[in-house]
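Working through the structure, step by step
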Amino acid sequence: MALIDHLLPLLIPTVILLHLLLAPYSKVEESFNLQAAHDILHYGIPDPRSPSAAALFKAEYDHFSFPGVVPRTFVGALVLAGLSKPFIMLTGGMVNEQVIVRGVLGLLNALALICYARAAQAAFGRGVANWYILLQATQFHVLFYASRTLPNMFAFALTTTALQQFIPTPTPTPTKTYHRSQRLGIYLLTITGIIFRSEIALLLITQILSLLLQRRTSISRVIIPAGLCGAVVGLTLTLALDSFFWQSYSTKIVPPIFTTPILTKTFGLVWPEYSAFHFNAVEGSASQWGTSPWYTYFTSSVPKLLMNPFALLFLLPIALSRPALSRPTATLLLPVLSFVAGYSYLAHKEWRFIVYVVPHITLSAALGANWIWIRRGKAPAMAFLLVTSVIATFAGSTAMLLISSANYPGGEALSRLHTLLPQYPSTHRGPVTVHLDVPVCMTGATRFLQDDPLYPLPSSDKEKEKEKEWFETSSTPPTSSSSQIRFDKTETPTTLLTPSFWDSIDWVLSSSGPARVIGNWEVVDVVRGLKRVKVYRPGEETGLRGGEVCTGPGWKNAAARVWGMLEKIGRPVLKGWWVGLEMEDMVWVLKKVPERKGEEVGKVAE
């Protein structure tokens, strides 16, 4: 058992990396920090005193071309790029940098969760900590998104570390000790709210109110010093770094891309998170992205995040009702559920806005799970249901991973493009121009993938000769595939409807097929993606072909094959019924057909 106790925490980083390897692409919500990390790694950081800083940002950095609706901080991307650099140098191009950057973020969140589990062990014992790890590792959303460069997941590592400081201890603790922990927790929550996500301010307030209700803190010795210190550090970092990266004070960028009320006009500074808060909450613009009833977080988001219905129906009620567990459970749940209730006031709701509460709620459930397990001899049925629920939750998470891995056709298409280009030598010297349409960019096409394919694929001598020929005819001297390709991301409808625009385009990754692209084009490849999860009737073919779910050396087609094996076993038991993925053509890889003499080209295909 001692060996299992030591190895069990490794389950969290293992599952996070497994999610990353099976679903390595990204969506548009993750793009800002991912593109920013790429640009910092590849173009460096200009000297703030240099008059050419603004010119470098405008010429090379993605955020000047595609700034988004509200500004975002560069603090997370800067730290992530710095931590990823040694691993990128160590791998020497054997792995795409996107996988490394995301892997570093995933491991940071894994480290935060492991430290949280150790704090739970110190407070409640090894049994509770082990059940916490099992419940946490079998959930889907936290571990799937742990490596994804959403601002919320940068904040998650810090909020988890902060909430760890507030885990109650059953035994009396010296005042000096828990005051020190409280100061660290308040300090981290303050910094996180200022830099990454403004909703953390509400979590900070509910946590402080909870401490005041319990009379376990001091306003003068804990709350004010920690809050002020966190505010000074957070504001200094975000105002200095983000004003520089957004060039809010530069006279060469007029008007500024984004502004912060009062700060920009008076001091030339930008505070991204306050600007986003003002836009979404004060102006109420967040409602443009949809609204939900006030109870949505409690009836949908929290159950979705926990995934295990046994935790909601049995484990949490047990933890709250048993005299020995009720007080620490209430101490854990009161601030986080108050935060969820308070944040329910905003009409626009997404589960990622409250993801920070998951560790505390999961630990509360672990208290109930441990209570059942140590009494398994008296209540074997409950212990059996507990173990079964964990296994079923893990199976559900695995199925969701399979489904999600099929949902990034843009990234898959761009990765395939790198392997296709050497097979079709360019008809002209110079870089090949590839147009990426908007849905392709939103479903996985990133600057990291523009540089190199996701995974270098071994090639035969004949293929290597073709690749060498393509490099020589496209540009000299050859360095990498990225130096031979110029990517175009034009979005303007009037431009896309102009025939002359397509004259300079050699390849297209199109989400609407060749019929919507002006000119004469050859379909070189088609990437299929997830249409929906479908219930198949007896005798109906699932239609899932190998290779449509995930790619990568060693595990290519693995998910599809496993699901196929389960279908062979399970479908006869279910009398021919089955649940599977319905795939459809989503991205077409198009190559321009060279114009022949005397032949008119440039007509819109019917």
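Residues numbered from 1 in each chain as written. Predicted model: local features only at pLDDT ≥ 70, side-chain atom pairs only at ≥ 80, totals over all residues. Heavy atoms only, no water.

**Some points on the overall build of the protein chain**
Across its full length, the protein chain carries 26 helices and five strands. Radius of gyration (C-alpha) of the protein chain: 26 Å, near the 25 Å computed for a compact globule of 606 residues. Dimensions of the protein chain along its principal axes, counting C-alpha atoms only, are 90 × 70 × 45 Å. In the protein chain, buried positions account for 51% of the 606 residues. Expressed as a percentage of contacts within the protein chain between residues at least 6 apart in sequence, the contacts between residues at least 24 apart total 81%. When the accessible surface of the protein chain is summed, it comes to about 28100 Å², and 63% of that surface belongs to carbon and sulfur atoms. Here the protein chain contributes 52 positive and 40 negative side-chain charges, whose respective centroids are spaced 14 Å apart. (Helix = DSSP H or I, 4+ residues; strand = E, 2+ residues; numbered from the N terminus. Rg over C-alpha atoms; globule rule 2.2 N^0.38 Å. Buried < 20%, exposed > 50% of the residue type's maximum accessible area, 1.4 Å probe, protein only. Contact = heavy atoms within 4.5 Å. Areas by Shrake-Rupley, 256 points an atom, 1.4 Å probe, with all protein chains shown as cover. Lys, Arg positive; Asp, Glu negative; His and termini not counted. Charge placed at Lys NZ, Arg CZ, Asp CG, Glu CD.)

**Description of the packing of helix α3 (residues 31-43) against helix α7 (residues 97-124)**
At their nearest, the axes of α3 and α7 sit 11 Å apart, and the two run at 115° to each other. Comparing the axis directions of α3 and α7 gives the class roughly perpendicular. Here the hand of the crossing between α3 and α7 comes out right-handed. For the pair formed by α3 and α7, the contact residues are Leu 34, Ala 37, Leu 41 and His 42 on the first element and Glu 97, Gln 98, Val 101 and Arg 102 on the second. Residues of the contact of α3 with α7, tallied by class, amount to four nonpolar, two polar and two charged. (Axes fitted to C-alpha atoms, helices over the stretch in contact; angles between N-to-C directions. Parallel < 35°, antiparallel > 145°, perpendicular 65-115°, else oblique. Left-handed = near helix turned anticlockwise from the far one by under 90°. Nonpolar A, V, L, I, M, F, W, Y, C, P; charged D, E, K, R; others polar.)

**Here we look at the sheet that holds strand β5 (residues 578-592)**
Reading across from one edge, β2-β1-β3-β5-β4 is the order of the five strands in this open sheet, with mixed pairing throughout. The outermost strands of the open sheet, each flanked by one partner alone, are β2 (485-488) and β4 (521-536). Strand-to-strand twist in this sheet, taken as the mean axis angle between neighbours without regard to direction, amounts to 20°. Pairing of β4 with β5 involves 14 bridges; the strand directions are antiparallel. (Pairing = 2+ DSSP bridges.)

**As for the nonpolar core**
The biggest cluster of nonpolar side chains holds 110 residues, and the ones touching the most others in it are Leu 315 and Leu 363. Looking at which element gives the most residues to this core, the answer is α7, with twelve residues. Here Leu 363 is in contact with Tyr 116, Ala 120, Phe 124, Val 128, Tyr 132, Ile 167 and Leu 332, once residues within four sequence places are set aside. (Core = buried A, V, L, I, M, F, W, Y, C linked by side-chain atoms within 4.5 Å.)

**So, the pattern of salt bridges**
A complete count under the given rule lists 14 salt bridges for this structure. Between Arg 148 and Glu 30 there is a salt bridge; the shortest N-O distance is 3.1 Å. Taken together, the residues Arg 148 in the loop between α9 (141-145) and α10 (151-164) and Glu 30 in the loop between α2 (11-22) and α3 connect sequence positions 118 residues apart. Glu 30 carries the same exposure label as Arg 148, and that label is buried. (Salt bridge = Lys/Arg side-chain N within 4 Å of Asp/Glu carboxyl O.)

**Concerning the packing of aromatic side chains**
Under the criterion given, the structure shown has 29 aromatic pairs. Centre to centre, the rings of Tyr 43 and Tyr 61 are 6.4 Å apart; their planes meet at 50°, and the pair counts as tilted. With Tyr 43 in helix α3 and Tyr 61 in the loop between α4 (53-60) and α5 (62-65), the pair connects residues that are 18 residues apart, well separated along the chain. Given the relative accessible area of 0%, Tyr 61 is considered buried. Their ring planes at 80° and their centres at 5.0 Å tell us that Phe 501 and Trp 502 sit as a pair that is edge-to-face. (Phe/Tyr/Trp six-rings, centres within 6.5 Å; stacked < 30°, edge-to-face > 60°.)

**A few points about unusual backbone geometry**
The omega angle of the peptide bond from Val 254 to Pro 255 is -5°, so this bond is cis rather than trans. Inspection of the secondary structure puts Pro 255 in the loop between α13 (219-246) and α14 (263-267). With phi around 60°, Lys 575 is a residue other than glycine that occupies positive phi space. Structurally, Lys 575 can be placed in the loop between α26 (558-573) and β5.

**Things to note about the pairing of strand β1 (residues 432-436)**
In terms of burial, β1 is largely enclosed, as five of its five residues are buried. Both faces of β1 are covered, namely the face carrying Val 432, Val 434 and Leu 436 and the face carrying Thr 433 and His 435. Of the strand pairs in this sheet, β1 and β2 are connected by four bridges, and their pairing is parallel. Across the sheet, the residue bridging to Val 432 is Ile 485, located in β2.

**Looking at the packing of helix α19 (residues 358-373) against helix α20 (residues 380-405)**
Packing of α19 against α20 leaves a shortest axis separation of 9 Å and a crossing angle of 135°. Here α19 lies oblique to α20, going by the angle between them. Considering how the two elements wind past one another, α19 and α20 form a crossing that is left-handed. Taken together, the residues of α20 that come into contact with α19 (itself represented by Ala 369, Ile 372 and Trp 373) are Met 382, Ala 383, Leu 386 and Val 387. For the contact of α19 with α20, a count of residues per class yields seven nonpolar, no polar and no charged.

**Some points on the pairing of β5**
For β5, the tally of buried residues reaches eleven of 15 residues, placing the bulk of the element in the interior. Inspection of the sheet shows strand β3 (residues 507-510) paired to β5 by four bridges, in the antiparallel sense. Paired with Val 508 across the two strands is Leu 590, which belongs to β5.

**Here's the deal with the confidence of the model for the protein chain**
This prediction gives the protein chain a mean pLDDT of 89; 90% of its residues lie at or above 70. Counted against residues more than four places away or in other chains, residues 475-480, with its pLDDT under 50, gives eight contacts. (pLDDT = per-residue confidence, 0-100.)

**A few points about the side chain of Thr 443**
Here Thr 443 is to be found in the loop between α22 (438-442) and α23 (447-451). With near-sequence residues (within four places) excluded, Thr 443 lies in contact with Ser 26, Lys 27, Tyr 408, Pro 409, Gly 410 and Gly 411.

**Quick word on the environment of Ser 301**
Structurally, Ser 301 can be placed in helix α16 (residues 296-306). The exposure class assigned to Ser 301 is buried, which follows from its relative accessible area of 6%. For the pair Ser 301 and Val 355, spaced 54 residues apart in the sequence, the C-alpha separation amounts to 8.9 Å. Those residues in contact with Ser 301 that sit more than four places away from it in its chain are Thr 296, Trp 351 and Ile 354.

**Examining helix α15 (residues 272-282)**
Because each turn of an α-helix spans 3.6 residues, side chains separated by three or four positions in sequence point in the same direction. Every buried residue of α15 is accounted for by Pro 272, Glu 273, Ser 275, Ala 276 and Phe 279. Taken down its axis, α15 places every buried residue within 160° of arc, on the same side. At its buried positions, α15 is contacted by α11 (175-195) and α13. Note on α15: the residue one or two positions beyond its end, Gly 284, has a positive phi of about 75°. (Arc of directions from axis to C-beta.)

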